[in-house]
Amino acid sequence: MEWKRKVNWRILVVALCLILTFSTLSFRIYWIQTAEAARIMETAQKQWDREHVLKPKRGAIYDRNGEILAYEGKAYTVNARLKPLDARDEDVVKDPYYTANMLAPILNAPVQELVKNLTKQNKVVELGRYGQKISEEQKNRILELQYPKLPSGEQVKKNQLPGIYLTETTRRIYPNNAFASHVIGYLDLYDEPKMGIELQLNPQLAGEKGHISYQRDRAGYQLPDGEGEYIPAKDGLDVYLTIDRQIQDYVEQALDKVEQQYKPQGMTVIVADPQTGEVLAMGNRSQFNPNTYYNGIANYNNHAVTTMFEPGSTFKIITLAAAIEEKMFNQNETYQSGAYTIKGQIPIRDHNNGAGWGTITFLEGVQRSSNVLFAKLGYERLKLEGLKKYFKKFGMGEKTGIELPYEKEGSLINLEKPRSPRDWAATTYGQAATVTAIQQVAAVGAIANGGELLKPHIVKEMRDPHTGAVVNRTQREVVERVVSEATAKQTRDILGKVVSEKPGTGTLYQIEGYQVAGKTGTAQKYDPNTGKIMDGRYVGSFIGFAPKDNPKLLVYVVIDDPQTDAWYALWGQMMLAPMFTSIMERSLQYLQQQPDLSLVKNKQIDKAKPKKEAQAALASSPATPKTLPKFEGMSTTAAQLRAKQDNLTVTVAGTGTKIVKQYPEAYDQVVPGEQIILVTDRVKGTKMPDFKGKSLRDVMEFSSLINLEMKSTGTGFVTQQSIPPGTVLQGTELLQVTLQSVSEPPVPTTPPSGQEGSTVPATTTPNNPGQNATTNPTGGNNPAPPSSGQQTGSGQQTGQGGAAQPPASGQAPPPDKPGDQATQTPTTP
């Protein structure tokens, strides 16, 4: 009975335990399925679901011709593992000091900075900004440290720099370094755009992020029937600027030269096409390298659009155009220069301390940049409302809207709220008003293009990076017509005389072969703290365009307070003119803008002189060798102009517009009179030169360059050629030349009686066998011409090189008078 009781008790206990267990399980299941269902499902979802953000590729930046200026390239981030994953993990930094010393020269980092990161308590660390976005070359150097090669050439398999590993990423690369850095801008280490186009067009360049989501199992494999979503990233657009890399390079070179020599506080150069409003180049100093911006940027300002300054006399262009438009300017009218007094005000004085130039015409007043003239035009004739109207029409006091950030609008406060009549009168000649350089370029561009104010552009178009299709293209945008075409032309003509004629202040800015129109400017600087004028501190500038009657380029050069003791009036000669003429001339030649050869000063010997006199003059002077310039790549017209400037005689082979070959080669030494051959990109249609008097080598070089078959007989110099000079060649002809030594007499003669054994001169005629050559009166060794009525034999030579004999005594033209050349062509200073 006792045993049965025990069994029953045990059954009861077991049953109770089972009931309790199942009750607990049931309650737990109920709890999980109800109260914790949402949390558990969320946790499960996190384990199943995977979502990745797809980063778009940032668009590249190009110049107008497709030269790349910025792009997204491959980069790497350096990480360090400081603590092992488990007991067997040996791939950790074991010696922070050794590791830091090895990496420091590769990462250009201070050793102590790296040690600080490598001794942290973290499991994994980045090595600060020095280890972020390193280049491919830096990555390879680190790999060489980790797995060096033995002298046998075998590569070590064990990591010699444990704990260091690289992860791939991207970075912005600027292949031209500091080139146009203020225009392009840069991205920082966190891909945040700073400055320039990178900031202004960041939404278009950055593109749109995408994402991918899917479900996976415990092992990480995607579930075949799992839910998922894929939205691809949209890559950024490629941006094409209006900048021309070659013209920008001319600007950078000119800026570098002046900066090295004079170290100004700031400089700006803008080159624009006044017909379209496109900016072809924009440069500032100081500048920076966007690839290494973290080394420090001294100047974050793009002076061309963000710096406001008093423009000085370049502002007079607007006053002049306004007066002409309102029929208030007669260039032949006269006035008294020197000083102009508005009742109760300090006199306005001309820039020569108020001395003036007496009574002069309005035209001369513009040429001399007379403040008095412009004060009279503005104060007496245009008056306040007229000035406000035209300065506003020309865009002063408003942003131009160019595609660059932080543009300033300038100030016309002394026109809008003048404190005295003198204040707004001073605005007429560029004082008491502030502008930006891009405003000046737009305003003067309106004069250059015929009277239309255009919105300046620095972005040409945006393209799809995959198809190349143009998504957006900027067009020529007219803001408004500010003056008539007739007014614009008259203003251009007057500005042309400022440069081309004395007493113009811009004669230093002449460019041979091109008519330049423009205006100089000098403005005093004000202390930003006190508002007072700073003695001896100026902003010098010049704005000009060419060719005057059909301008292709407009160049504005501004120099702020250079470090020089020279008088500011000499800045043009020292800095501004060399910069302007270099940029303008090289850019015009690069654009194959043909010079006006009628404007080119003839530096060669007067063609009216007999050729033998010229040869005698050359023979009597030392043959100084010259270095031959590089003609290849120049336009044909520009090459001919350059040859004229260097007193070089060239033969152009072909009818093309561009020089593709030259002989002798660039930078070879040549002597005056040496044959120089320039071959164009179109050989067909070449005219046969006159080779008489030339060497065989000259003929062979010419024939070789244009693939012309040639045969020769004799030695010495050419006396005959089978193809007459000037013949248009088809390329299938055979050129035969006959050569003869200069010392060889052409016709054997018998010595006259009584002169046995003597040598008969080559100029002795059969009619006068005993007559010797006489000395040329010009002092050369050429024989004298035959007397009147005297006949020469067929064997008479014409002198070396086939030049004609000088005329008989009394027929030669008189030598040039000292003043003749000056009266024919204006001298370029």
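### Remarks on the sheet that holds strand E26 (residues 659-663)
Now for step 1: As summarised here, the arrangement of the three strands in space is E25-E28-E26, forming an open sheet in which the pairing is mixed. Both outer strands of the open sheet, strand E25 (650-653) and E26, are each paired with one neighbouring strand and no more. Taking each pair of neighbouring strands and ignoring which way they run, the sheet shows an average axis angle of 20°.
Now for step 2: In this sheet, strand E28 (residues 676-680) lies alongside E25 in parallel orientation, the contact comprising four bridges.

### Focus: the pairing of strand E23 (residues 553-560)
Side chains on a regular strand alternate between the two faces of the sheet.
Now for step 1: Summarising burial for E23: eight of the eight residues are buried, a large majority.
Now for step 2: What you see with E23 is no split at all: Leu553, Val555, Val557 and Ile559 on one side and Leu554, Tyr556, Val558 and Asp560 on the other are buried throughout.
Now for step 3: Sheet analysis places strand E11 (residues 266-273) next to E23, joined by seven bridges and oriented antiparallel. The residue bridging isoleucine 270 from the neighbouring strand is tyrosine 556, located in E23.
Now for step 4: Inspection of the sheet shows strand E22 (residues 533-546) paired to E23 by eight bridges, in the antiparallel sense. Considered in E23, the bridge of valine 539 is made with aspartate 560.

### Here we look at the nonpolar core
Now for step 1: If you look at the biggest cluster of nonpolar residues, it comprises 94 residues, and the most contacted ones within it are Ile197, Leu241, Met282, Phe329, Phe394 and Ile458.
Now for step 2: What leucine 241 contacts, discounting residues up to four positions off in sequence, is Ile61, Tyr62, Asp63, Arg64, Leu69, Val183, Ile197, Ile458, Val459 and Lys460.
Now for step 3: Counting residues in hydrophobic clusters, the runner-up holds 33 residues, among them Leu255, Ala281, Val557 and Met575.

### Observations concerning helix H13 (residues 371-393)
Now for step 1: In this model, H13 (23 residues) spans only 22 Å end to end at C-alpha, well below the 33 Å of a helix rising 1.5 Å per residue.
Now for step 2: Looking one or two places after H13, you find glycine 395, whose phi comes out positive at around 90°.

### Focus: the pattern of salt bridges
Now for step 1: Applying the stated criterion across every chain, the model contains 27 salt bridges.
Now for step 2: The partner of lysine 55 in a salt bridge is aspartate 191, and the shortest N-O contact between them spans 3.3 Å. Note that lysine 55 is positioned in the loop between strand E1 (49-54) and strand E2 (61-62) and aspartate 191 in the loop between strand E6 (186-187) and strand E7 (193-194), a separation of 136 residues in sequence.
Now for step 3: Residue classification places aspartate 191 among the partly exposed residues on the basis of a relative accessible area of 28%.
Now for step 4: Across the pair glutamate 198 and arginine 58 runs a salt bridge, and its minimum N-O distance is 3.1 Å. Placement of glutamate 198 in helix H7 (residues 196-200) and of arginine 58 in the loop between E1 and E2 is noted, with a sequence separation of 140 residues between them. One exposure class covers both glutamate 198 and arginine 58, and it is buried.

### A closer look at the packing of helix H9 (residues 245-262) against helix H18 (residues 571-590)
Now for step 1: Direction vectors running N to C along H9 and H18 enclose 160°, while the axes themselves pass 9 Å from each other. Taken as axis vectors, H9 and H18 run roughly antiparallel relative to one another. When you trace H9 past H18, the crossing you get is right-handed. Contacts from Gln246, Ile247, Tyr250, Val251, Gln253, Ala254, Leu255, Val258 and Tyr262 in H9 reach Met574, Met575, Met579, Ile583, Arg586, Ser587 and Tyr590 in H18.
Now for step 2: A per-class count over the contact of H9 with H18 returns twelve nonpolar, three polar and one charged.

Conventions adopted
Residues numbered from 1 in each chain as written. Predicted model: local features only at pLDDT ≥ 70, side-chain atom pairs only at ≥ 80, totals over all residues. Heavy atoms only, no water. Pairing = 2+ DSSP bridges. Helix = DSSP H or I, 4+ residues; strand = E, 2+ residues; numbered from the N terminus. Axes fitted to C-alpha atoms, helices over the stretch in contact; angles between N-to-C directions. Buried < 20%, exposed > 50% of the residue type's maximum accessible area, 1.4 Å probe, protein only. Core = buried A, V, L, I, M, F, W, Y, C linked by side-chain atoms within 4.5 Å. Contact = heavy atoms within 4.5 Å. Expected span 1.5 Å × (residues − 1). Salt bridge = Lys/Arg side-chain N within 4 Å of Asp/Glu carboxyl O. Parallel < 35°, antiparallel > 145°, perpendicular 65-115°, else oblique. Left-handed = near helix turned anticlockwise from the far one by under 90°. Nonpolar A, V, L, I, M, F, W, Y, C, P; charged D, E, K, R; others polar.

Treat this as a map of the structure, not an account of what it does.
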